[in-house]
Amino acid sequence: MELRRRDYHVERPLLNQKQLEELGRWSSVTGTHQWRTWLQCSHARARALLLQYLPVLAWLPRYPVRDWLLGDLLSGLSVAIMQLPQGLAYALLAGLPPVFGLYSSFYPVFIYFLFGTSRHISVGTFAVMSVMVGSVTESLAPDEDFLQDLNSTVNETARDAARVQLASALSVLVGLFQVGLGLVHFGFVVTYLSEPLVHGYTTAASVQVFISQLKYVFGLQLSSRSGPLSIIYTLLEVCWKLPQSVVGTMVTALVAGVVLVVVKLLNDKLQQHLPLPIPGELLTELVALGLSNLIGGVFQCFPVSCSMSRSLVQESTGGNTQVAGAVSSLFILIIIVKLGELFQDLPKAVLAAAIIVNLKGMLMQFTDICSLWKANRMDLLIWLVTFVATILLNLDLGLAAAVAFSLLLVVFRTQLPHYSILGQVPDTDIYRDVAEYSEAREVPGVKVFRSSATVYFANAELYSDTLKQKCGIDVDRLISRKKKLLKKKELKLKRLLKEEKLQRQAAASKGTSVSINANTSIRDIESNNMEGSKAKQVSAGKELEDTAASGQEDAKAPDGSTLKALGLPQPDFHSLVLDLGALSFVDTVCLKSLKNIFRDFREIEVEVYMAACHTPVVTQLEAGHFFDASITKQHLFASVHDAVVFALQHPRSGPVSPVSVTQL
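No experiment lies behind these values; they were computed from the predicted model shown. Position labels on residues start from 1 in each chain and follow its written sequence. Side-chain atom pairs in this predicted model are given and counted only at pLDDT of 80 or more, local residue features only at pLDDT of at least 70, and totals for whole chains, interfaces and linings cover all residues. Each side-chain value is worked out from all heavy atoms of the structure, with water and hydrogens disregarded.

**Observations concerning the sheet that holds strand β4 (residues 431–433)**
At step 1: A sheet is described by the order of its strands in space; here six strands give the open sequence β4-β3-β5-β6-β7-β8, paired in mixed fashion. Single-partner strands in this sheet number two, and they are β4 and β8 (636–637). Pairing between strands is defined by DSSP: at least two bridges between them are needed. Under the DSSP-based scheme used, a helix requires at least four consecutive residues in state H or I and a strand at least two consecutive residues in state E, with every element numbered from the N terminus.

**Observations regarding the nonpolar core**
At step 1: The definition of a nonpolar core used throughout is a set of buried Ala, Val, Leu, Ile, Met, Phe, Trp, Tyr and Cys residues joined through side-chain atoms within 4.5 Å. Whether a residue is buried, partly exposed or exposed follows from its accessible area with a 1.4 Å probe, protein chains only, as a fraction of its type maximum: under 20%, in between, or over 50%, in that order. Counting residues in hydrophobic clusters, the biggest one holds 39 residues, and the most contacted among them are L576, L578, F601 and F626.
At step 2: Of all the secondary structure elements, the ones that give two or more residues to this core are β3 (419–424), α21 (460–470), α22 (475–516), β6 (575–579), α24 (588–603), β7 (607–611) and α25 (615–623).
At step 3: Setting aside residues no more than four positions away along its own chain, L578 makes contact with F449, Y463, L467, L594, I597, V608, Y609, M610 and A611.
At step 4: Counting 34 residues, the second largest nonpolar core, distinct from the first, contains L102, A205, A253 and L395. Pairs of residues are marked as contacts when any of their non-hydrogen atoms sit within 4.5 Å.

**A closer look at the pattern of salt bridges**
Two side chains bearing opposite charge may form a pair once their charged atoms approach each other closely.
At step 1: Definition used for salt bridges: Asp or Glu carboxyl oxygen within 4 Å of a side-chain nitrogen of Lys or Arg. Tallied over the full model, the rule gives 18 salt bridges.
At step 2: When the shortest N-O distance is used, the salt bridge between D143 and R159 registers 3.1 Å. In this pair, D143 sits in the loop between α7 (127–140) and α8 (156–183) while R159 sits in helix α8, placing the two residues 16 residues apart along the sequence. No difference in accessibility class separates D143 from R159, as the two residues are buried.
At step 3: The partner of D160 in a salt bridge is R159, with the nearest N and O atoms 3.2 Å apart.
At step 4: Relative accessible area serves as the criterion here: at 18%, D160 is assigned to the buried category.
At step 5: Residues joined in a network through salt bridges with shared partners are D143, R159, D160 and R163.

**Notes on the UniProt feature "coiled-coil region" (unreviewed entry) in the chain**
At step 1: UniProt positions are given in the numbering used here, feature names are shortened, and annotations may be inferred rather than shown by experiment. The UniProt record marks residues 479–506 with the feature "coiled-coil region" (unreviewed entry), using the residue numbering of this structure.
At step 2: Annotated as 100% helix and 0% strand, the span residues 479–506 places its first and last C-alpha atoms 41 Å apart.

**So, the packing of helix α5 (residues 65–93) against helix α6 (residues 99–115)**
At step 1: The N-to-C vectors of α5 and α6 enclose an angle of 120°; their axes lie 7 Å apart at closest approach. Judged on the interaxial angle alone, α6 and α5 are oblique. Along its contact with α5, which presents Q83, L84, G87, L88 and A91, the element α6 presents G101, L102, S105 and V109.
At step 2: Three classes are used, and their members are as follows: Ala, Val, Leu, Ile, Met, Phe, Trp, Tyr, Cys and Pro are nonpolar, Asp, Glu, Lys and Arg are charged, and the others, Gly among them, are polar. Looking at the contact of α5 with α6 residue by residue, the classes come out as five nonpolar, four polar and no charged. Throughout, an axis means a line fitted to C-alpha atoms (over the contacting stretch in the case of helices), and angles, computed between N-to-C directions, take values from 0 to 180 degrees. In this scheme, roughly parallel covers angles under 35 degrees and roughly antiparallel covers those over 145, while 65 to 115 is roughly perpendicular and the rest are oblique.

What follows is the structure, given as structure tokens:
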């Protein structure tokens, strides 16, 4: 829809910061002491804490049975159908017997039903978390520690028992950390995980999962590895031992994989007509998170997390509350109690096929590369660095490296913002970059400078340097030349005063010696010579006094040290306006940099103004003692236009053409 052009007029006086505060009756906001409410003891406070940390007591009494129960039942059964095979398969990723995947699919899910706050996420085994657990169990309890002396085979019973203990202890520790971090509201750290970083990380994790399952697909015996480059060595060993593959295992995995793919395609096609998804995996032999892991660890579970795929299924199949999770956990409990023995001898090739097929969603994230290439190259760089770091350094170190790189990239981007000289768009009070807007014109006699990022210690020096460069004059060199000339003039004045003093002393000593000597006849002659000499000395002294006096007058005169009087080039503008609308905070380095800008430009006879500061920034300027006798709030204006008009009406030197002000 095309916007119709309409003229509007706003009449108001020019406003600097002081006038704006008086007009708007500004007052600082007093902070509330939240810790006082934390220490209050009352019945209402105790009830609020109970409902906060045990939310099931808040929503379960108000649960609308008729409206939501059927949807939660169907959703819970759908999630359980997915949870069962995934629990069995992901236990394999954790290096544990499959039955412990079922344990981890029951206890944590039921605990989340009691303590969870989200109505839609599905808690349970997760591929990435399982791989991280597996890296711990396989590194602390490797196969080499359980070799039997007789035939050099691995004692799997003892190995699995040791790994189960490690996984349970890890789950308890993870739960303790999560509960502690949840109590101090440490969840804000997820804001530092950008979407490209998460996608790159999960894609790399899916590649690691895929490679780790190849030994089960081909029936190979591989060495246990962990740490950086372990996945590369595993892939090389798989390729080296491919001739030793077991054909029966390969066929089993292939058939199971094909069946799973076909069933998933049918589910996608018929999902609108099916009340429950087809259980394809079963057809191929069947703070809240912290407490889930903490209590689950007591029952020999390994750490769990939120599953993206199951959460999507839970919501899409009509799940309304945490009741759906309770239903799925009860279904898993029935399987554990009644049908658990059926899954004891489940071929690992089938589980590996189930894992690989379920990686489809994460592996499809490779398509992000094309979209990010077109949309944002920096986000693509984060994606690629995260992916490569996770592949090479493993999941834990890879994530740390990715987060560090992402934060460094943010700092780097703020160090190189876009700097611009602004011009006025004709017949408006809008100012835009003259390099981007062809109709924007610089206001004669006034430079307007803007940065697209906040100014702080990492880019303050670059801000000052770019400002001086954009102004088209070498400010530092001009100040240096001015100081040299003033110093030279001062030295010349001192030299003249010193010469005058010496000549006066010499004249005084000669006059004394003449009055002491001699007889009368010679006295007359010398007296004549003396008068001539004194006359010369007086005239010379007078000339010296005049020169010194004129030098002193020049030094004291207002125009004696100006650029024009010194014969130096003058800037083609008399005022500088700093558009500080992009500032979100200021630090001590920024304050010092701004003060130096005021000092340097005033040295070259240019007055500096600031404009468009947000109130929190003004408060920080006051707290940092930025304003003083030379820089006041009258140098800070409500908008760039206010500052420009004021600068034209009050130039530092020389008259301003009234046409310029009128045109604004």
